[in-house]
Amino acid sequence: FLTKLFWLPKNKMPKISVVIPLYNKGFIISETLESVLAQTFTDFEIVIVNDGSTDDSFEIVSQYSDDRIRLYNQENKGVSKTRNAGIEYAKSELIAFLDADDYWHPNHLEELYKLYIDFPNCCLYASRYFMKISEENTIKTTYIQAVSDNFRGILPDYFLASMQYRVGLTSAVAIPKKILQKDFLFNPELNGQEDLELFTKIAIHKPVAITNKYSVAYNFAIENQLSKIQFIQKKIIKFDQFSADENKNKSLKKFLDLYRLEYALQFRIIGDIKESKFYLKDITTKIPFKTRILLVTPSYLLRILIKIKHSLKKRGIDFTVYH
């Protein structure tokens, strides 16, 4: 079933559609939605697709009377199909994405739209973002390997820029609707990193522009660690789809090897050595010494180290084992 609550006035074509997938975010959706309504750029619509929430998410959004909001209700289908539904309902030529637990600063849409006007031939427009790693600690992300913190324009190398912090963060990007069709939609077969797959596919073929402004608060606060069964059930990216492009693009190869390495270590943590080796075999990028040590560490000890890492993150100490 599908329910729509609010429509924009007839013949009104907003410049930006904001697509928000909603699932059990009643505890924070008001804060997220208020951050959109507080934008300095006001010519937008908000397309919210409630993906069968079992909490009060739908009821909370239903209370808003702003005529720029369109709220749809559907049975639970997963985040990819929910975002794709939002894309289909969107009226605008430019679509900005926002996850229901992230937050925009008031300048976000204004900066993205300026970027869209200044660099009309790009496939993806990105803002810089802050990453909230705990309730009290936030990291200011950077792409210093590829461009300076003051750089604004078309990225010379999207994948090089994304080595430490991904440029293609869902809540920080806008994409022309004409790009988002056929093979360039969120993959409903995945239930993890579907945004990574889509943005990689898009960025291989066309240029990406980035602002020099920080306008997004990405909520990366620690979540409960996945159980062994949950991780095994995750449907993750098939890297072989990028083989031909990797052979021609060294930065892409290095970028994807980071995620192969992440999967290899995750499978090692849950004790699936066979799957860990499956992802390791295709890595040609040099693996850091500290990561090589972890890849031969017993699974039970890795699980202890993960708990220590999470405890440190709560105290504002964050680090990666992949660089």
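What counts, and where the lines are drawn
- Residues numbered from 1 in each chain as written.
- Predicted model: local features only at pLDDT ≥ 70, side-chain atom pairs only at ≥ 80, totals over all residues.
- Heavy atoms only, no water.
- Helix = DSSP H or I, 4+ residues; strand = E, 2+ residues; numbered from the N terminus.
- Rg over C-alpha atoms; globule rule 2.2 N^0.38 Å.
- Contact = heavy atoms within 4.5 Å.
- 1 Å grid on protein atoms, 1.4 Å probe; cavity = no way out; pocket = protein on both sides within 12 Å on 5 of 7 lines; lining within 4 Å.
- Points joined across faces, edges and corners; volume = space filled by probe spheres on them.
- Nonpolar A, V, L, I, M, F, W, Y, C, P; charged D, E, K, R; others polar.
- Buried < 20%, exposed > 50% of the residue type's maximum accessible area, 1.4 Å probe, protein only.
- Arc of directions from axis to C-beta.
- Pairing = 2+ DSSP bridges.
- Patch = residues over 30% accessible without salt bridge, like charges linked within 9 Å, V, L, I, M, F, W, Y side chains within 5 Å.
- Areas by Shrake-Rupley, 256 points an atom, 1.4 Å probe, with all protein chains shown as cover.
- Salt bridge = Lys/Arg side-chain N within 4 Å of Asp/Glu carboxyl O.
- Phe/Tyr/Trp six-rings, centres within 6.5 Å; stacked < 30°, edge-to-face > 60°.
- Lys NZ or Arg CZ within 6 Å of the ring centre and 35° of its normal.
- Axes fitted to C-alpha atoms, helices over the stretch in contact; angles between N-to-C directions.
- Parallel < 35°, antiparallel > 145°, perpendicular 65-115°, else oblique.

Participant: Sorry if this is basic, but what is going on with the overall build of the protein chain here?
Facilitator: Of the regular secondary structure elements, the protein chain holds twelve helices and eleven strands. Relative to its length of 323 residues, the protein chain is compact, with a C-alpha radius of gyration of 20 Å against a globular reference of 20 Å. Dimensions of the protein chain, computed from C-alpha atoms along their principal axes, come out at roughly 60 × 40 × 40 Å. A separation of at least 24 residues holds for 77% of the contacts in the protein chain among residues at least 6 apart in sequence.

Participant: Help me understand the layout of surface pockets, please; the structure alone is not making it clear to me.
Facilitator: Picture a little ball the size of a water molecule; that probe, rolled over the atoms, points out where space is still empty. Its volume calculated, the second largest pocket comes out at about 270 Å³. Lining the second largest pocket are 14 residues, with Phe-239, Asp-240, Arg-260, Phe-278 and Asp-282 positioned closest to its centre. Broken down by secondary-structure element, the contributors of at least two residues to the lining of the second largest pocket are α8 (243–248), α9 (250–269) and α10 (273–280). Taken together, the residues that form the lining of the second largest pocket break down as five nonpolar, two polar and seven charged.

Participant: Can you help me understand helix α1 (residues 29–37) in this one?
Facilitator: It helps to recall that an α-helix has 3.6 residues per turn; residues three or four apart then point in one direction. Every buried residue of α1 is accounted for by Ile-29, Thr-32, Leu-33, Ser-35 and Val-36. Down the axis, α1 shows its buried residues gathered within 150 degrees of arc, on one side only. Buried residues belonging to α1 abut β2 (16–22), β3 (44–51), α2 (57–62), β4 (69–74) and β6 (103–104).

Participant: It is not clear to me how the pairing of strand β5 (residues 94–97) should be interpreted in this structure. Could you clarify?
Facilitator: Side chains on a regular strand alternate between the two faces of the sheet. Of the two faces of β5, the one lined by Leu-94 and Ala-96 and the one lined by Ile-95 and Phe-97 are each fully buried. Pairing of β2 with β5 involves four bridges; the strand directions are parallel. Its bridge partner lying in β5, Val-19 is registered against Phe-97.

Participant: Is there a simple way to explain a nonpolar patch on the surface in this structure?
Facilitator: Taken together, the side chains of Tyr-300, Leu-301, Ile-304, Leu-305 and Ile-308 define a hydrophobic patch exposed on the protein surface, amounting to about 450 Å² of accessible area. Following the sequence through the fold, Ile-304 ends up in helix α12 (residues 299–314). The class of Ile-304 is partly exposed, set by a relative accessible area of 43%.

Participant: How should the packing of aromatic side chains be read in this particular structure?
Facilitator: How two aromatic rings sit relative to each other is given by the distance of their centres and the angle of their planes. As enumerated under the stated definition, the model contains 17 aromatic pairs in all. Ring centres of Phe-159 and Phe-255 lie 5.4 Å apart, and the angle between their planes is 50 degrees; on these two criteria the pair is classed as tilted. Highlighted residues: Phe-159 in helix α5 (residues 158–161) and Phe-255 in helix α9, separated in sequence by 96 residues. A residue is classified by how much of its surface remains accessible, and Phe-159, at 3% relative accessible area, is buried. With a relative accessible area of 2%, Phe-255 lands in the buried category. Here the aromatic residues Phe-239, Tyr-263, Phe-267, Phe-278 and Tyr-279 are joined through ring pairs into a cluster of three or more. Arg-83 extends its terminal NZ or CZ atom over the ring of Phe-186, reaching a point 5.0 Å from the ring centre. Taking the ring centre of Tyr-214 as reference, the NZ or CZ of Lys-140 above it sits at 4.7 Å.

Participant: I keep staring at the packing of α9 against α12 and nothing clicks. Help me out?
Facilitator: The geometry of a pair of packed helices is captured by two quantities: the angle between their axes and the separation between those axes. At their nearest, the axes of α9 and α12 sit 8 Å apart, and the two run at 110 degrees to each other. When the axes of α9 and α12 are compared, the pair comes out roughly perpendicular. Facing α9, whose interface residues are Leu-265, Arg-268 and Ile-269, α12 presents Ser-299, Leu-302, Arg-303 and Ile-306. Class assignment of the residues belonging to the contact of α9 with α12 gives a composition of four nonpolar, one polar and two charged.

So yeah, pure geometry; function would need other evidence.
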